[in-house]
Amino acid sequence: MINKDIYYVGVNDHQIDLFEGQFVVENGMAYNSYVIMDDKIAIMDSVDAKFTDEWLANIDKVLNGRTPDYLIVSHMEPDHSANIDNLVNKYPNITVVGTMMAFKMMKQFFNKDYQKIVVKEKDILNLGKHSLTFIMAPNVHWPEVMVTYDMNTKTLFSADAFGKFGALDVEEDWACEARRYYFGIVGRFGAQVQMLLNKLASYEIEMICPLHGPILDNNLAYYLNLYQTWSKYETETEGVMIAYTSVYGHTKKAVELLKDKLEANNCKVVFCDLAREDMAEAVEDAFRYGKLVLATTTYNADIFPTMKVFIDALIERNYQKKKLAFIENGSWGPIANKIMKAMFEKCKDITYLDTNITILSSISDKNIAEIDSLAAELLK
């Protein structure tokens with residue numbers, strides 16, 4: 001029970017290894033669902049298909065013999081919508097509530113029409129004591145998304161916003177896994193998140209119930225401020241991220257020297273070998289810190305594959321408002337710096353540092369002096 005009328009009926013998934021087929025989730029995932037018990041009963045979203053029986057049992061326990069009136073669908077991604085049809089089959093008189101786009105997707109997923117209420121911005125559904133206001137949140141992070149505000153308890157059912165990786169029966173830092181989740185999944189849609197946050201500013205919120213991760217019911221300013229920072233693509237933590245690839249160790253030696261010089265001056269440095277680091281962790285850190293140094297080899301007349309994947313991941317998530325420097329290595333015809341800079345031409349508000357370094361096979365005395373200059377620029 002969350003409070004006297006709102007109950008948690010979600011599930012923890014420790015079977016999963018890759019969320020959405022790409023994000024490593026060592027601590028599993030939570031698929032959250034809620035029940036509001038009132039004169040009318042509303043179920044808030046469903047869960048992944050693997051947990052049908054557990055979810056329905058959780059609901060039965062809360063209902064205690066009563067019958068639900070509404071299923072409110074915030075988001076049609078299958079980890080939250082897979083059991084819509086199963087619930088309707090069990091309770092054939094239930095009314096499904098969602099956006100017009102959500103019902104279009106339901107038809108695509110289930111090839112059925114349901115008894116329904118199509119809602120739009122600021123429509124209200126009265127359950128009794130609880131009045132639910134629907135707030136449209138398109139592209140946070142699918143186009144059909146809406147969030148729901150309960151005026152009685154000042155609770156925001158936030159869909160995928162304010163979610164994180166990790167099951168609820170595991171203790172871990174919220175910000176780290178929420179940041180990795182945000183930039184991995186929602187990061188491209190900063191403008192749309194800003195639109196939602198602007199709408200929510202007129203509501204008094206005392207509790208946030210997301211579709212992934214823990215219920216947030218204290219120090220909400222902390223979570224809201226992080227979402228402001230992330231969705232504006234602003235620097236969260238002062239410091240430098242060095243992301244590199246190295247085939248025979250010479251490029252690594254150069255960036256280790258740069259790292260040592262920065263840390264000797266009390267600069268926070270995140271050091272990332274892109275061939276070995278979880279890519280989602282690397283992307284998260286690139287958005288978190290204000291300065292990024294990219295070091296790689298010229299490879300097959302291009303750049304090293306994992307560096308290319310990394311830069312593509314940043315670009316597709318609207319990377320911006322950062323300071324960048326490049327280090328390249330090549331035994332003949334080095335062109336990595338040129339290629340990397342050209343890739344970032346698609347990004348807004350990127351400042352390039354003056355010092356960019358070309359290593360010819362191994363570090364020279366000239367390169368050491370250049371690394372000194374780059375360190376000085378980064379420390380400004």
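Refer to the structure printed above.
Conventions we followed
- Residues numbered from 1 in each chain as written.
- Predicted model: local features only at pLDDT ≥ 70, side-chain atom pairs only at ≥ 80, totals over all residues.
- Heavy atoms only, no water.
- Phe/Tyr/Trp six-rings, centres within 6.5 Å; stacked < 30°, edge-to-face > 60°.
- Buried < 20%, exposed > 50% of the residue type's maximum accessible area, 1.4 Å probe, protein only.
- 1 Å grid on protein atoms, 1.4 Å probe; cavity = no way out; pocket = protein on both sides within 12 Å on 5 of 7 lines; lining within 4 Å.
- Points joined across faces, edges and corners; volume = space filled by probe spheres on them.
- Helix = DSSP H or I, 4+ residues; strand = E, 2+ residues; numbered from the N terminus.
- Nonpolar A, V, L, I, M, F, W, Y, C, P; charged D, E, K, R; others polar.
- Pairing = 2+ DSSP bridges.
- Axes fitted to C-alpha atoms, helices over the stretch in contact; angles between N-to-C directions.
- Salt bridge = Lys/Arg side-chain N within 4 Å of Asp/Glu carboxyl O.
- Core = buried A, V, L, I, M, F, W, Y, C linked by side-chain atoms within 4.5 Å.
- Contact = heavy atoms within 4.5 Å.

Focus: the packing of aromatic side chains
Then, number 1: Scanning the model with the defined rule gives 27 aromatic pairs in all.
Then, number 2: Ring geometry for F110 against Y114: centres 6.4 Å apart, planes inclined by 70°, an arrangement best described as edge-to-face.
Then, number 3: Classification of Y114 as buried rests on a relative accessible area of 10%.

Notes on the layout of surface pockets
Sizing a probe to match a water molecule and rolling it over the atoms shows the empty space that remains.
Then, number 1: Computed from the structure, the largest pocket encloses a volume of approximately 350 Å³.
Then, number 2: Forming the walls of the largest pocket are 17 residues, and the residues nearest its centre are T297, T298, N329, G330 and S331.
Then, number 3: Mapped onto the lining of the largest pocket, the elements with two or more residues apiece are α8 (250–263) and β18 (289–299).
Then, number 4: Among the elements that make up the lining of the largest pocket, the one with the highest residue count is β18 (3 residues).
Then, number 5: Taken together, the residues that form the lining of the largest pocket break down as 5 nonpolar, 12 polar and no charged.

Some words on the pairing of β18
Then, number 1: The buried fraction of β18 amounts to 10 of the 11 residues, a majority that puts the element mostly inside the structure.
Then, number 2: Direction of pairing for β18 relative to strand β19 (residues 302–303): antiparallel, over a ladder of 2 bridges. If you follow Y299 over to β19, its bridge partner there is D302.
Then, number 3: Hairpin remark: β18 followed by β19, antiparallel, with 2 residues in the connecting loop; positive phi at N300, about 50°.

Section: the sheet that holds strand β15 (residues 207–209)
What links the strands of a sheet is backbone hydrogen bonding, and the strands pair in either a parallel or an antiparallel sense.
Then, number 1: Across the sheet, which stays open at both edges, the 5 strands sit in the order β11-β12-β13-β14-β15 with mixed pairing between neighbours. The outermost strands of the open sheet, each flanked by one partner alone, are β11 (124–126) and β15. Geometrically, the sheet is characterised by an average inter-axis angle of 20° between neighbouring strands, direction not taken into account.
Then, number 2: Here strand β13 (residues 146–150) runs beside strand β14 (residues 155–157); their pairing, made up of 3 bridges, is antiparallel. Looking across to β14, one finds that Y149 is bridged to L156.

Topic: the pattern of salt bridges
Then, number 1: All told, the structure shown has 21 salt bridges when counted by the stated rule.
Then, number 2: One salt bridge in this structure joins K107 and D113, with 3.5 Å as the shortest N-O distance.
Then, number 3: A relative accessible area of 37% means that K107 is categorised as partly exposed.
Then, number 4: A single network of salt bridges, built from pairs that share partners, joins E177, R180, D278 and E281.

Describing the nonpolar core
Then, number 1: If you look at the biggest cluster of nonpolar residues, it comprises 99 residues, and the most contacted ones within it are F19, M106, L294, F310 and Y319.
Then, number 2: With 8 residues, helix α5 (residues 174–186) is the single largest residue contributor to this core.
Then, number 3: Setting aside chain neighbours within four positions, we find L294 in contact with A243, M307, F310, I311, A325, F326, I327, M340 and F344.
Then, number 4: Formed by 20 residues, the second largest nonpolar core is a distinct cluster that contains L258, L262, C267 and V293.

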